[in-house]
Amino acid sequence: MTDPVLRLNAVSKEFDLGRGRRLTAVDKVSFDMGPNEICVLLGPSGCGKSTVLRMIAGLEDPTGGQILLNGHEVHGPGQDRGMVFQAYTSFDWQTVRRNVEFGMKINGVPARERREKAEHFIRLVGLSKFIDAYPTQLSGGMRQRVAIARTLANGPELLLMDEPFGALDAETRWHMQELMIDVAEEANTGMVIVTHDIEEAIFLADRIIFLSAHPGRVKEEIVPAFKQGKRYDDKEQFVQLPGYADLERKIMRLMREEGAKE
Ligand SMILES: Nc1ncnc2c1ncn2[C@@H]1O[C@H](COP(=O)(O)OP(=O)(O)OP(=O)(O)O)[C@@H](O)[C@H]1O
């Protein structure tokens, strides 16, 4: 790997549950992520995926270890990271265009540049026809695309997504997964995505960090060799590639082993 963009160095998180009780949610997690990679955090429920992502976002502080972004330790949120949550977080009283322009406006980006960038990212997520619509007039998948365009428009180096398609029906979910591959190619942004969906993880990931059941430790780091360094944006074609089924079986086994420990 060339110099990592993101490095987690023995990152731990203990929560204080009160009355002297403490819970170790994440235990000495280490991994590196290269420029523009799609890195997926996968593992059984409660293994600490969201906690790791929240620490990368700077929404939680590690209680041990370090998170380095381009060699600098992360302390708190920053514009170099943009977070997309599962729940739709658009402003319903503003049009798609205004939603996507919002962060840029706050950051003092001049009106013309704002407009051009908003149009670019709205096009990228396939919503040009709906640029003047309000989020309430859109489907769940479309609203999630607004959230993605809005986050990308702020120019983050890393897009952080916590179960971004969890609330969507299966077919919309496939479309969104395919879209994310195109977005990753075009937006030149690295992504860290939390999911517990094995198929989604294999489809999206350049690198999978599989966390063990509670407390979360890196059980396996998997670079899907069968992709041969390529990305595919067609799911039907993808699931038929030689090597796909083997990796799916392997991860199912890991998931069962870890799930049984809960
Ligand atoms: N603020 C908090 N205070 C106390 N415990 C917490 C807090 N946030 C998370 N935890 C605990 O840390 C552990 C990891 O939670 P986390 O949400 O990171 O897991 P996850 O892998 O994302 O789970 P899921 O897939 O079910 O969303 C869980 O045991 C959870 O109860």
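Residues numbered from 1 in each chain as written. Predicted model: local features only at pLDDT ≥ 70, side-chain atom pairs only at ≥ 80, totals over all residues.

1. Focus on the overall build of the chain
So, point 1. The secondary structure content of the chain amounts to 8 helices and 10 strands.
So, point 2. Taken along its principal axes, the extent of the C-alpha atoms in the chain is 50 × 50 × 35 Å.
So, point 3. Classification of the 262 residues of the chain by burial places 39% in the buried group.
So, point 4. Across the chain, the fraction of contacts at a sequence separation of at least 24, relative to all contacts at a separation of at least 6, is 72%. (Helix = DSSP H or I, 4+ residues; strand = E, 2+ residues; numbered from the N terminus. Buried ≥ 20, exposed ≤ 12 C-beta atoms within 10 Å, placed from the backbone. Contact = placed C-beta atoms within 7 Å.)

2. Examining the nonpolar core
So, point 1. The biggest cluster of nonpolar side chains holds 65 residues, and the ones touching the most others in it are Val40, Leu41, Ile56, Ala149, Leu160 and Val192.
So, point 2. Counting residues per element, this core draws most heavily on helix α4 (residues 140–153), at 7 residues.
So, point 3. Taken together, domain 1 (6–80 + 158–260) and domain 2 (90–155) each give at least three residues to this core, which thus spans both.
So, point 4. Aside from chain neighbours lying at most four places away, what touches Ile56 is Leu6, Ile67, Val74, Arg81, Leu160 and Val192. (Core = buried A, V, L, I, M, F, W, Y, C linked by C-beta atoms within 7 Å. Domains from an automatic or database assignment.)

3. Quick notes on the packing of helix α2 (residues 96–106) against helix α3 (residues 111–124)
So, point 1. Contact geometry of α2 with α3 gives a least axis separation of 9 Å together with a crossing angle of 125°. It follows that α2 is oblique to α3 by the angle criterion. Judged by the sense of rotation from one axis to the other, the crossing of α2 with α3 is right-handed. On α3, the residues touching Val96, Arg97, Val100, Glu101, Met104 and Lys105 of α2 are Arg114, Lys117, Ala118, Phe121 and Ile122.
So, point 2. For the contact of α2 with α3, the class distribution of residues is 6 nonpolar, no polar and 5 charged. (Axes fitted to C-alpha atoms, helices over the stretch in contact; angles between N-to-C directions. Parallel < 35°, antiparallel > 145°, perpendicular 65-115°, else oblique. Left-handed = near helix turned anticlockwise from the far one by under 90°. Nonpolar A, V, L, I, M, F, W, Y, C, P; charged D, E, K, R; others polar.)

4. Thoughts on the site of the ligand
So, point 1. In the neighbourhood of the ligand, 13 residues make up the surrounding shell, with Phe15, Ala25, Ser45, Ser50 and Thr51 lying closest.
So, point 2. Considering every element that reaches the shell around the ligand, the biggest residue donor is helix α1 (residues 49–57), with 3 residues.
So, point 3. Its residues placed into classes, the shell around the ligand shows 4 nonpolar, 8 polar and 1 charged. (Near = placed C-beta within 6 Å.)

5. Here's the deal with the sheet that holds strand β2 (residues 21–33)
So, point 1. In spatial order, the strands read β2-β1-β4-β5; together these 4 strands make up an open sheet with antiparallel pairing. Every other strand in the sheet has two partners, leaving β2 and β5 (72–73) as the edge strands with one partner each. (Pairing = 2+ DSSP bridges.)

6. Digging into the domain arrangement of the chain
Note on interface size: it is often stated as the accessible area lost on association of the parts.
So, point 1. One can read the domain layout of the chain as domain 1 (6–80 + 158–260) and domain 2 (90–155).
So, point 2. With centres defined by C-alpha atoms, the gap from domain 1 to domain 2 works out at 26 Å.
So, point 3. Between domain 1 and domain 2, the residue contacts involve 14 residues of the former and 10 residues of the latter.
So, point 4. Here the element with the most residues in the side of domain 1 that touches domain 2 is helix α5 (residues 170–187); it accounts for 7 residues.

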